[in-house]
Structure formats: C-alpha cells, structure tokens
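Chains, contacts and geometry: an overview
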Amino acid sequence: MTANFVSSLSNALPSDLKRSRMPAHVAVIMDGNGRWAKQRGLPRIMGHRKGVDTLKKLLRCCRDWGVEALTAYAFSTENWGRPTGEVDFLMTLFERVLRKELREMMAEDVRIQFVGDLTALPETLQQEIDRAVQETQDNQGICFSVATNYGGRQEILQACRAIAQQAKSGQLQPEDINEELFSRHLYTANISDPDLLIRTSGEMRISNFLLWQLAYAEFYITDTLWPDFDTDEFHQAMKAFQARDRRFGKVDETEGE
Ligand code: FPP
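First, a word on scope: everything that follows refers to the structure included in this document. Everything numeric in this text was worked out from a predicted model, so none of it was measured.

Considerations on the nonpolar core
A general trend in soluble globular proteins is that nonpolar side chains are found buried together. By size, the foremost hydrophobic cluster in this structure holds 45 residues, and its most contacted members are Leu 70, Phe 144, Ile 198, Phe 234 and Met 238. Here the element with the most residues in this core is helix H4 (residues 84-107); it accounts for nine residues. For Ile 198, the residues in contact, after removing those within four places along its chain, are Val 26, Ala 27, Val 28, Ile 29, Tyr 220, Phe 229, Phe 234 and Ala 237. Listed in part, the 11 residues of the second largest apolar core include Tyr 73, Ala 147, Phe 209 and Leu 210.

What about the environment of Cys 61?
The topology assignment puts Cys 61 in helix H3 (residues 44-65). Assessed through its relative accessible area of 1%, Cys 61 is described here as buried. Here the alpha-carbon distance between Cys 61 and Ile 29, two residues 32 residues apart in the chain, equals 17 Å. Once residues within four sequence positions are removed from consideration, Cys 61 is found in contact with Asn 11, Thr 231 and Phe 234.

Examining the pairing of strand S5 (residues 196-199)
Within a regular strand, side chains alternate between the sheet's two faces. Here S5 shows two buried faces, one formed by Leu 196 and Ile 198 and the other by Leu 197 and Arg 199. Bridge count for strand S1 (residues 25-29) against S5 is four bridges, and the pairing is parallel. Residue pairing across strands places Val 26 opposite Leu 196, the latter belonging to S5.

What counts and how
- Residues numbered from 1 in each chain as written.
- Predicted model: local features only at pLDDT ≥ 70, side-chain atom pairs only at ≥ 80, totals over all residues.
- Heavy atoms only, no water.
- Core = buried A, V, L, I, M, F, W, Y, C linked by side-chain atoms within 4.5 Å.
- Buried < 20%, exposed > 50% of the residue type's maximum accessible area, 1.4 Å probe, protein only.
- Helix = DSSP H or I, 4+ residues; strand = E, 2+ residues; numbered from the N terminus.
- Contact = heavy atoms within 4.5 Å.
- Pairing = 2+ DSSP bridges.

Everything listed here is a matter of coordinates, which is why it stays silent on function.
Written out as structure tokens, the structure reads:
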C-alpha cells in the first residue's frame, strides 16, 4: 500500500527524453522569489517560502529522471546586503527546512552537502547543517548541494590560498598545479562540473555562481519566476539540453571542411 502510494508520486521519464542523455549534474539559480510575491501583493518572504516547495519538487524530479547531482544557489556572499529582516528570515527558513525534511531525504536516499563559507552562518544553522550532512553522508541517491554564503570568486581565492600554502611549505611545486589539482581545492571537489545551468526570471547573469565549474555548462534561461518553475518547465529544459550539440571547444569531425 505504502509502496504504491510512493511510486504513484514519482515522476516517470517523459517519452521524448532519453535517460542516457540526461545531464549528470544540474545547477540552478533560483531567481524571482521576490517578484513572484510582489505580483501577488505578498511580502517577499512568501516568495522564498514558495520557492522551497519548487526546489523540493525539482529535487524529486531530478532523482526520478536519472540526474545524479543537483546544486542550488540558496544564498550568495552578496545576499548579506539585503534587509536584515529578509536575511534573518532566510537563515531561519534554511534551518527549519533542514530539520523538517531530513527524514524525507533519508527515505529518498538523498545525500545533502553545503558549498560555501559556512563559518559566517548562525551557530544553530551550522549545527543543523552538520547533522543533515552527517546523517545523509552514506546515502547513494542524488547528491544535493546547497550553495550557502557561496561566492565563486571567494571559492577560487580560498583554493589559491590553500595551494600557495602548500607550495610555500614545499609540499608541491608550482608546476604541479593543474586543473585537476585546482578542482580538488574547490568546495565541489567530490562532484562533476555541472552539465546544465538553469536560471529563472530571465536574468542573463552568472551572479558569481560556480565560476570555475560552469566553464562548459549549457545554459537554460527562462522568464518563469522560480516559485512557478514546475516539472513541465524542467521537461522543456531537458528537451533543450538534449537537443544541444556539446563540442567542448572542438569541431565535429564528421562535418565537411
Ligand atoms: C532569489 O530570489 C532567491 C533567493 C536569494 C533565496 C532562494 C532560497 C530558497 C528558495 C530557499 C531554499 C532552501 C533550502 C533549504 C535550500 P530573489 O529574492 O532575488 O527574487 P527577486 O529577484 O524577484 O527579488
């Protein structure tokens, strides 16, 4: 009975998508929560609250359709510049969501991790993060990364500092520094680079997100505001991705000269 109930909730892969051509890693900039709320005469925080539901549905859909990793930009190093009330609300929201969803993440075999400088987050949020990361660390399903107090430039700088320190102490030589070694010093060391970046609300910006890792990602930008981004829209994004010709800077040798 329970099994049927759960499976009836899972998303079947649409027939026009190929499982073998699904992106292994999807990254998402969840933009437009504030505008979604404003359009409805609601406070901005209501948009963030609805945004959590959208993220939960996307995570489940990614898992069901064979995406191995999802990374969501929840809070940037620049977001501290927002009104104190909104920042406080977001920190409390992250904490509450983690506490509330942990059981479900375990049931759905989700491994959660956080990327960013977590030391600046409220102590109680850091504790909740540690708990969720530890409890889900052996899960084998989708890897869900939450970028929190994350900045791409800050991430690159901290990697440079760590590598420079090793060079200074003689642990490595400057000529040992290559892309593979550099990637190992990023917060995302254990996951492949994103194949696809989705950004909602029509902005054509990267906003300091995964600057190194997005080097060869495909971009899908939609005018839809994040709270309205649903499975149908994700299906459109997957169709667009599967139609792309990814050459990674090379030429297709079957083409004429
Ligand atoms: C951008 O919209 C959204 C954010 C800065 C917050 C996103 C956070 C969530 C959806 C919650 C995720 C929760 C967990 C636990 C991962 P905006 O406020 O910039 O919208 P606007 O551009 O319309 O003002």
